[in-house]
Amino acid sequence: MLHATGALILLAAAVLAAQSQAPAGLDTVLQQAEGQRAAYVATFRNVTATETRVTEVFDDRGRVEKQRTLVSNFLVYQSRFDPAVLSEYRIPLTVDGRPTGKPEQDAIKLFGRLARARSTAEELGVLKEQNVVLRSDSEYANSALDILVPRRVVSEYYRKSGKKNGPQSLRLAVRLTTTYADFKRFDVSTVSDIRLPAGKEQ
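For clarity, every value in this text was computed on a predicted model and none was experimentally measured.

Draft legend 1. Molecular detail of the overall build of the protein chain. Looking only at helices and strands, the protein chain features four helices and seven strands. Written out in order from the N terminus, the α and β elements of the protein chain read α-α-β-β-β-β-α-α-β-β-β. Taking all 202 residues of the protein chain together, 33% fall into the buried category. Long-range contacts, defined as pairs at least 24 residues apart, comprise 54% of the intrachain contacts of the protein chain with a sequence gap of at least 6. On the protein chain, roughly 13,300 Å² of surface is accessible, and the fraction owed to carbon and sulfur atoms is 52%.

The following block contains the structure:
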């Protein structure tokens, strides 16, 4: 499964490689892209941002039928077992302006489960999120982390329309507009303090 974070990293690497001023052969371009990708991966880990995702559902006439705005804490997590593995996770804060759930407790539960994971596969199971995107446009911006970070991503889902035995066409069914702000780096540490019940000390 290709994680969205991986796609963002590859896109950023391509953008940075394209900024090279002098013409070069294919091997040189690929080496530059790989170098930029490695530098990006090394920096774009254990960060958090505020994510705003607007979902629009369209009717058969192309009009917006439903709309929902979800604001979340967006996390990019680096595996404890494999530094090259980065995954993303979202902790919902509000839906259409109304608070949802208990984000602080959700974050504590998330990192507690990650701390108990015994392998990269188990970590990915905790963070797993599947996305099927038919069309996606991404915008990047400079950040305080000295790397390009996603600023706006628009994803569109299309649905077949037309008569069963007639010509078919694709119509826009759902559009997701996701914006990011306030990218910051966070530190994660786990401390275990195991004590015997009162009166059982030796």
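Draft legend 2. Broad picture of the sheet that holds strand E4 (residues 98–99). The seven strands lie next to each other as E4-E3-E2-E1-E7-E6-E5, forming an open sheet whose pairing is antiparallel. One side of each edge strand has no neighbouring strand; the edge strands of this open sheet are E4 and strand E5 (135–142). Pairing of strand E6 (residues 148–161) with strand E7 (residues 169–185) involves 10 bridges; the strand directions are antiparallel. In the sheet register, valine 154 faces E7, and the bridge partner there is threonine 177. Where helix H3 (residues 103–116) meets the sheet, it contacts strand E2 (64–78) and strand E3 (86–95), and its direction lies at approximately 160° from that of E3.

Draft legend 3. Fine view of the packing of H3 against helix H4 (residues 120–127). At their nearest, the axes of H3 and H4 sit 9 Å apart, and the two run at 160° to each other. Judged by the inter-axis angle, H3 sits roughly antiparallel to H4. The interaxial crossing formed by H3 with H4 has right-handed handedness. Contact with H3, carried on its side by Leu110, Arg113, Leu114 and Arg116, involves Glu122, Glu123, Val126 and Leu127 of H4 and no other residues of that element. Taken together, the residues of the contact of H3 with H4 break down into four nonpolar, no polar and four charged.

Draft legend 4. How the structure looks around the pattern of salt bridges. Per the stated rule, a full pass over the model turns up eight salt bridges. Notably, a salt bridge pairs arginine 151 with glutamate 139, separated by 3.4 Å at the nearest N-O pair. With arginine 151 in strand E6 and glutamate 139 in strand E5, the pair connects residues that are 12 residues apart, well separated along the chain. Take glutamate 139: its relative accessible area is 32%, and that puts it in the partly exposed class.

Draft legend 5. Layout of the side chain of glutamate 156. By secondary structure assignment, the location of glutamate 156 is in strand E6. Taking the relative accessible area as the measure of exposure, glutamate 156 reaches 7% and is therefore buried. Separated by 3.1 Å, the side chains of glutamate 156 and arginine 175 make a polar contact.

Draft legend 6. Focus on the pairing of E6. When E5 meets E6, the two strands line up antiparallel, connected through eight bridges. When the sheet's bridge partners are listed, asparagine 142 is paired in E6 with leucine 148. Counting the residues that bridge the hairpin from E5 to E6 gives five residues, and of these aspartate 146 lies at a positive phi of roughly 65°.

Analysis parameters
Sequence order as written defines residue numbering, which begins from 1 separately in each chain. For this predicted model, a pLDDT threshold of at least 70 governs which residues receive local features, and a threshold of 80 or more governs which side-chain atom pairs are given and counted, while totals over whole chains, interfaces and linings are taken from all residues. As a convention, hydrogens and water are excluded, and side-chain values are obtained from all of the structure's heavy atoms. Where helices and strands are cited, they refer to DSSP runs of H or I of at least four residues and of E of at least two residues respectively, numbered from the N terminus. Here the term buried applies to any residue with accessible area under 20% of the maximum for its type, exposed to any over 50%, and partly exposed to those in between, with areas from a 1.4 Å probe on protein chains only. Throughout, a contact is declared for two residues whenever any of their heavy atoms are within 4.5 Å. Areas reported here follow the Shrake-Rupley algorithm with a probe of radius 1.4 Å; residue values treat only the protein chains shown as occluding. In this analysis, strands are considered paired if DSSP registers two or more bridges between them. Every axis corresponds to a line fitted to the C-alpha atoms, with the helix fit spanning only the stretch in contact, and the corresponding angles, defined between N-to-C directions, vary from 0 to 180 degrees. Should an angle fall under 35 degrees it is taken as roughly parallel, and over 145 as roughly antiparallel, whereas 65 to 115 is taken as roughly perpendicular and any remaining angle as oblique. For any helix crossing, the convention is left-handed if the near helix is rotated counterclockwise from the far helix by under a right angle, and right-handed if that rotation is clockwise. Following the grouping adopted for this structure description, the nonpolar residues are Ala, Val, Leu, Ile, Met, Phe, Trp, Tyr, Cys and Pro, the charged ones are Asp, Glu, Lys and Arg, and the polar ones are all others, Gly among them. We define a salt bridge as a contact between a side-chain nitrogen of Lys or Arg and a carboxyl oxygen of Asp or Glu at a distance within 4 Å. Definition of a polar contact: a pair of N or O atoms within 3.5 Å, with one able to donate and the other able to accept a hydrogen when the atoms are protein atoms, and with sequence-neighbouring residues admitted only if both atoms are side-chain atoms.

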